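# Structural overview for review
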Amino acid sequence: MSASRLGPDVAVGDDLPVLAQVATLRTSVAYAGASGDLNPLHYDPAVAAEVSPTGNVIAHGMYSMGLASRVVAGWAGGPDRVARLEVRFTRPWPLGSEATFGGTVKEVADDRVVVGMWGKDADGKAMLRGTAVLRRRLSAGDGGGTLD
Amino acid sequence: MAGIGRVYPAWTHRVSRAKVHEYARALGEDDPRYLADDDTCVAPPTFAATFTLIPAAEALIGDDGLGATWNLVHGGQAYEYGPRPLQPGDELTCTARIADIRSRRGTDALTVEVDCRYTADDERAVLSTGTIVFFDDQSDGDGGGEA
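Residues numbered from 1 in each chain as written. Chains lettered and ligands numbered in written order. Predicted model: local features only at pLDDT ≥ 70, side-chain atom pairs only at ≥ 80, totals over all residues. Heavy atoms only, no water.

### Some details on the overall build of chain A
Heads up, the rule is: Working definition: helices are DSSP H or I runs of at least four residues, strands are E runs of at least two. Numbering for both runs from the N terminus. Note on classification: 1.4 Å probe, protein chains only; a residue is buried when its accessible area is under 20% of the maximum for its type, exposed when over 50%, partly exposed between these limits. Any two residues whose heavy atoms approach within 4.5 Å are treated as being in contact. In this tally, Asp and Glu contribute negative charge and Lys and Arg positive charge; neither His nor the terminal groups of the chain are included. We put the charge of a Lys on NZ, of an Arg on CZ, of an Asp on CG and of a Glu on CD.
Within chain A, the regular secondary structure consists of three helices and five strands. In chain A, the succession of helices and strands from N to C terminus is β-α-α-α-β-β-β-β. C-alpha atoms of chain A, sized along the principal axes, occupy 55 × 30 × 20 Å. Evaluated residue by residue, chain A yields a buried proportion of 50% over its 148 residues. Excluding contacts between residues fewer than 6 apart, the proportion of contacts in chain A whose partners are at least 24 apart in sequence is 67%. Of the side chains in chain A, 15 bear a positive and 16 a negative charge, and the two mean positions are spaced by 2 Å.

Structure below.
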């Protein structure tokens, strides 16, 4: 488990580490199998030509949310720190292109930190926008509460 | 589309360690707890997608009163978590409910809540709130924008 960054040094405006990922047929098939979402829009060019908003194969929205959440939970110290995640998918992610994922601290309170999550496409346009609410204290019995 | 408030039959799900590992690997996760072979194993935050998204979509598409088809995109998603991450062995009871429907020309955006509770004590494990945009079959997905 990585160390939590939710201690006394966290401040509004802090940037989370940025994750870059190229979506490929391999990543898309792996996510389809792992999630059970076998919609051929995400791996079959013939189907995508008919139904895709871009005419091409695009990654699962949930794959992009999974990567954005990986950034946030990794920074926060693990999934037990995550109280709430909310995203909107604002642009498709075509296979073969790189996207980046990151976040910025928006609010620091006694018991929680709120992070604005983002995902951008290869042109820097917003692909995903959202919010994560993170727990600064873990509940009793789950491995201790205080952060130093 | 009528149907706000409609509740679909509950399903159960048992979290498996192999699926947690597979899901974590698909995301390139490096937190060793996601890949652990012992009791320290926990699931990544979006793991609930593996047992909520498709059952909920199938319930909606199987509901003749809605007229929804697989011509759809995922517009947005939220998860509200219980006190701890999901772990292998957790037994969950999941119930899907239509929380909202917004119809525009050529599309119907359905907000679907899937309430996942520990079967043993009925405590909240995770609440999934997804917005699924269904296209009328003729419109061919020209609404654009969402992935």
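### As for the nonpolar core
Spelled out, the test is: Residues grouped as a nonpolar core are buried Ala, Val, Leu, Ile, Met, Phe, Trp, Tyr and Cys residues, joined through side-chain atoms within 4.5 Å.
One finds W75, W93, V115 and L134 of chain A together with L60 of chain B to be the most contacted residues of the largest nonpolar core, which totals 75 residues. The element contributing the most residues to this core is helix α3 (residues 61-76) of chain A, with 10 residues. Ignoring any residue separated from it by four or fewer positions in sequence, one finds L134 of chain A in contact with L6, V72, W75, A76, R81, V82, A83, D111, R112, V113 and V115 of chain A.

### A closer look at the pairing of strand β4 (residues 112-120) of chain A
All names here are of chain A. Rule in force here: Strands pair, by our definition, only if DSSP identifies at least two bridges between them.
Relative to β4, strand β3 (residues 98-108) runs antiparallel, the two sharing eight bridges. Residue pairing for β4: G103 is matched across the bridge by M117. Counting the residues that bridge the hairpin from β3 to β4 gives three residues. Taken together, β4 and the strand that follows it, strand β5 (residues 126-135), pair antiparallel across an intervening segment of five residues, in which G124 is found at a positive phi of about 80 degrees.

### Describing the environment of D80 of chain A
By the element assignment, D80 of chain A lies in the loop between α3 and β2 (82-89). Classification of D80 of chain A as buried rests on a relative accessible area of 13%. The contact partners of D80 of chain A, leaving out residues within four places of it in the chain, are R135 and L138 of chain A together with R33 and P85 of chain B.

### So, the packing of helix α1 (residues 25-35) of chain A against helix α1 (residues 17-26) of chain B
Rules: For helices, the fitted line uses only the C-alpha atoms of the stretch in contact; every axis is such a line through C-alpha atoms, and the angle between N-to-C directions lies from 0 to 180 degrees. Here roughly perpendicular refers to angles of 65 to 115 degrees, roughly parallel to angles under 35, roughly antiparallel to angles over 145, and oblique to all remaining angles. Each crossing gets its hand from how the near helix is turned against the far one by less than a right angle, where anticlockwise is left-handed and clockwise is right-handed.
Axis separation between α1 of chain A and α1 of chain B bottoms out at 9 Å; the angle between their running directions is 155 degrees. Compared by their axis directions, α1 of chain A and α1 of chain B come out roughly antiparallel. When the axes of α1 of chain A and α1 of chain B are compared, the crossing they make is left-handed. Note on element contacts: α1 of chain B touches α1 of chain A through K19, E22, Y23 and A26 of chain B, opposite A30, Y31, G33, A34 and S35 of chain A.

### Quick look at the pairing of β3 of chain A
Pairing of strand β1 (residues 19-22) of chain A with β3 of chain A involves four bridges; the strand directions are antiparallel. Note that in β3 of chain A the partner of L19 of chain A across the bridge is F101 of chain A.

### Considering the interface of chain A and chain B
The criterion, for reference: Accessible-area loss on putting two parts together, using a 1.4 Å probe and summing over both, is the definition of buried area adopted here. By salt bridge we mean one thing: a side-chain nitrogen of Lys or Arg within 4 Å of a carboxyl oxygen of Asp or Glu. Polar contact criterion, stated in full: a pair of N or O atoms within 3.5 Å, where within protein one must be able to donate a hydrogen and the other to accept it, and residues adjacent in sequence count only if both atoms are side-chain atoms.
Each side of the interface is counted separately: chain A has 42 residues, and chain B has 41 residues. Of the roughly 3300 Å² buried between chain A and chain B, counting both surfaces, carbon and sulfur atoms make up 54%. Seen at the junction of chain A and chain B, the total is two salt bridges. We note a salt bridge from R33 of chain B to D80 of chain A, for which the minimum N-O separation is 3.6 Å. At the boundary of chain A and chain B, one finds 13 residue pairs in polar contact (both at pLDDT 80 or more). Counting residues per element, the ones that place at least two in the side of chain A that touches chain B are α1, α2 (45-51), α3 and β2 of chain A. No other element matches the nine residues that α3 of chain A contributes to the side of chain A that touches chain B.

### As for the pattern of salt bridges
Enumeration over the complete set of coordinates arrives at 13 salt bridges over all chains. Close ionic contact of E86 of chain A with R84 of chain A constitutes a salt bridge, the shortest N to O distance being 2.9 Å. Overall, the relative accessible area of 27% leaves R84 of chain A in the partly exposed class. Between E80 of chain B and R84 of chain A there is a salt bridge, with the nearest N and O atoms lying 2.7 Å from each other. With E80 of chain B in strand β2 (residues 72-81) and R84 of chain A in strand β2, this residue pair bridges two chains. Using a relative accessible area of 35% as the deciding quantity, one classes E80 of chain B as partly exposed. A single salt-bridge network, built from bridges that share partners, covers D80 of chain A together with D31 and R33 of chain B.

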